[in-house]
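The primary structure of each chain is shown beneath.
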Amino acid sequence: MTSTRYTVNDVMTETVVTVTPDTEFKEIADAMERWKVTAVPVVEAEGTVVGVVSEADLLPKEEFHDHQPGMINHMRRLGDTAKAGSVRAEELMTRPAVTIEPGASLPQAARLMADRRIKRLPVVDADGRLRGIVSRADLLKIFLRPDDDLAAEIRREVVDRLFPDSHRDVKVGVTSGMATLTGRVPDVGLIPVAAHLAQSVEGVVGVDCRLEGQPLANRDRIHPSRPHASHGPAESRWGANPGRIR
């Protein structure tokens, strides 16, 4: 049972501002300003991503423009002081580039950005060639899905599948991304599962699960073969098959 899974390919930006290893410092800064981006992938002639130059890679040139760091600070920041004297992308870039494939899930991309403390990821194919770029803002696009679409997916992928005999007794509402499930279902053990699966639908902000178990008479009507509680404590708990918990 799976809901629609969105991938990096669904939200990435396909038009990417890039530079080559030979691109000079001023051209890089100019490209960032012109296109309002804070980092650019460094791409070789065949389209392979070899690194990324970000604003953080350019700032040391300004930081150390009019003074040299002390010896201790210099040793602590060898990478930054080296970049302060660099003039081409291949000297400035962070390598290897942290990249992601188009088929990766949005949670995978979000975790990678958080773990590596970066704001965007070049998207590359299996051969390392650039296919797009995905940013934090791109990942948030999924929360712009219409409430009606979210409600329809929760009903189709969660309610109708978990409770096929009583799905009409369950109401699904979504307001501003917050999903609410109300009604009665025959198997109370599936209520936490329903809440979890509803939460996993892409674009859902949160879930308020108010589902309750049906009265015993209703459960017997829906599942007439199910033993009545009066058949004894062991059978009422385990049913005819003691290997299955209900």
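Residues numbered from 1 in each chain as written. Predicted model: local features only at pLDDT ≥ 70, side-chain atom pairs only at ≥ 80, totals over all residues. Heavy atoms only, no water.

## Comments concerning the layout of surface pockets
Part 1 of the argument: By volume, the largest pocket is sized at about 450 Å³.
Part 2 of the argument: Along its surface, the largest pocket is lined by 17 residues, and Val52, Ser54, Thr94, Arg117 and Ile118 are the ones closest to its centre.
Part 3 of the argument: For the lining of the largest pocket, the secondary structure elements donating two or more residues are strand E2 (49-54), helix H3 (55-63) and strand E3 (120-124).
Part 4 of the argument: Residue contributions to the lining of the largest pocket peak at 3 residues, all from H3. (1 Å grid on protein atoms, 1.4 Å probe; cavity = no way out; pocket = protein on both sides within 12 Å on 5 of 7 lines; lining within 4 Å. Points joined across faces, edges and corners; volume = space filled by probe spheres on them. Helix = DSSP H or I, 4+ residues; strand = E, 2+ residues; numbered from the N terminus.)

## Quick notes on the side chain of Ser135
Part 1 of the argument: Its place among the elements puts Ser135 in strand E4 (residues 130-135).
Part 2 of the argument: Setting aside residues no more than four positions away along its own chain, Ser135 makes contact with Met113, Lys119 and Arg120. (Contact = heavy atoms within 4.5 Å.)

## Thoughts on the sheet that holds strand E5 (residues 170-175)
Part 1 of the argument: The sheet built from 3 strands is open, its strands ordered E5-E6-E7 with mixed pairing. The open sheet terminates on both sides in strands that have one partner only, identified here as E5 and strand E7 (206-213). Recorded for the sheet is a direction-independent mean angle of 10° between the axes of neighbouring strands.
Part 2 of the argument: In the sheet, E5 pairs with strand E6 (residues 178-185) via 6 bridges, with the strands oriented antiparallel. Bridged to Thr175 within E6 is Met178.
Part 3 of the argument: Seen against the sheet, helix H9 (residues 147-162) touches E5 and E6 and runs at an angle of roughly 150° to E5.
Part 4 of the argument: Its contacts with the sheet place helix H10 (residues 191-199) against E6 and E7, and it is angled at close to 160° to E7. (Pairing = 2+ DSSP bridges. Axes fitted to C-alpha atoms, helices over the stretch in contact; angles between N-to-C directions.)

## Describing the environment of Lys119
Part 1 of the argument: Counting through the fold element by element, Lys119 comes out in the loop between helix H7 (106-116) and E3.
Part 2 of the argument: Judged by its relative accessible area of 48%, Lys119 falls in the partly exposed class.
Part 3 of the argument: Residues Lys119 and Ala137, spaced 18 residues apart in sequence, show a C-alpha to C-alpha distance of 8.8 Å.
Part 4 of the argument: Once residues lying within four places of it in the same chain are set aside, the contact partners of Lys119 are Met113, Val134, Ser135 and Arg136. (Buried < 20%, exposed > 50% of the residue type's maximum accessible area, 1.4 Å probe, protein only.)

## Some words on the packing of H9 against H10
Part 1 of the argument: Two elements in contact, H9 and H10, have axes separated by 10 Å at closest approach and are oriented at 165°. With respect to each other, H9 and H10 are oriented roughly antiparallel. In the crossing of H9 with H10, the sense of the turn from one axis to the other is right-handed. Here Ile154, Val158 and Leu162 of H9 come into contact with H10, specifically with Val193, Ala194, Leu197 and Ala198. (Parallel < 35°, antiparallel > 145°, perpendicular 65-115°, else oblique. Left-handed = near helix turned anticlockwise from the far one by under 90°.)

## What to know about helix H2 (residues 25-35)
Part 1 of the argument: Where H2 is concerned, the buried positions are Phe25, Ile28, Ala31 and Met32. In a view along the axis of H2, the buried residues occupy a sector of 130°, so they form one face of it. Exposed and oriented more than 90 degrees from the buried face of H2 are Lys26, Glu33 and Arg34.
Part 2 of the argument: In the segment just after H2, Lys36 is the residue with positive phi, at about 55°. (Arc of directions from axis to C-beta.)

## Section: the pattern of salt bridges
If the charged atoms of two oppositely charged side chains come close together, the side chains can form a pair.
Part 1 of the argument: Here the structure, examined in full by the defined rule, presents 15 salt bridges.
Part 2 of the argument: For Arg34, the salt bridge identified is with Asp30, shortest N-O distance 2.2 Å. Highlighted residues: Arg34 and Asp30, both in helix H2, separated by 4 residues, approximately one helical turn.
Part 3 of the argument: Owing to a relative accessible area of 38%, Asp30 belongs among the partly exposed residues under this scheme.
Part 4 of the argument: Between Arg145 and Glu153 there is a salt bridge, with its nearest N and O atoms 2.9 Å apart. A single burial state applies to Arg145 and to Glu153, both of which are buried. (Salt bridge = Lys/Arg side-chain N within 4 Å of Asp/Glu carboxyl O.)

## Notes on unusual backbone geometry
Part 1 of the argument: Omega for the bond connecting Arg95 with Pro96 falls within 30 degrees of zero, at -10°, which places this linkage in the cis form.
Part 2 of the argument: For Pro96, the position within the fold is in the loop between helix H6 (89-92) and H7.
Part 3 of the argument: Non-glycine residue Lys36 carries a positive phi angle of around 55°.
Part 4 of the argument: Tracing the backbone through its elements, the reader meets Lys36 in the loop between H2 and strand E1 (39-43).
Part 5 of the argument: For Lys36, a relative accessible area of 64% gives the class exposed.

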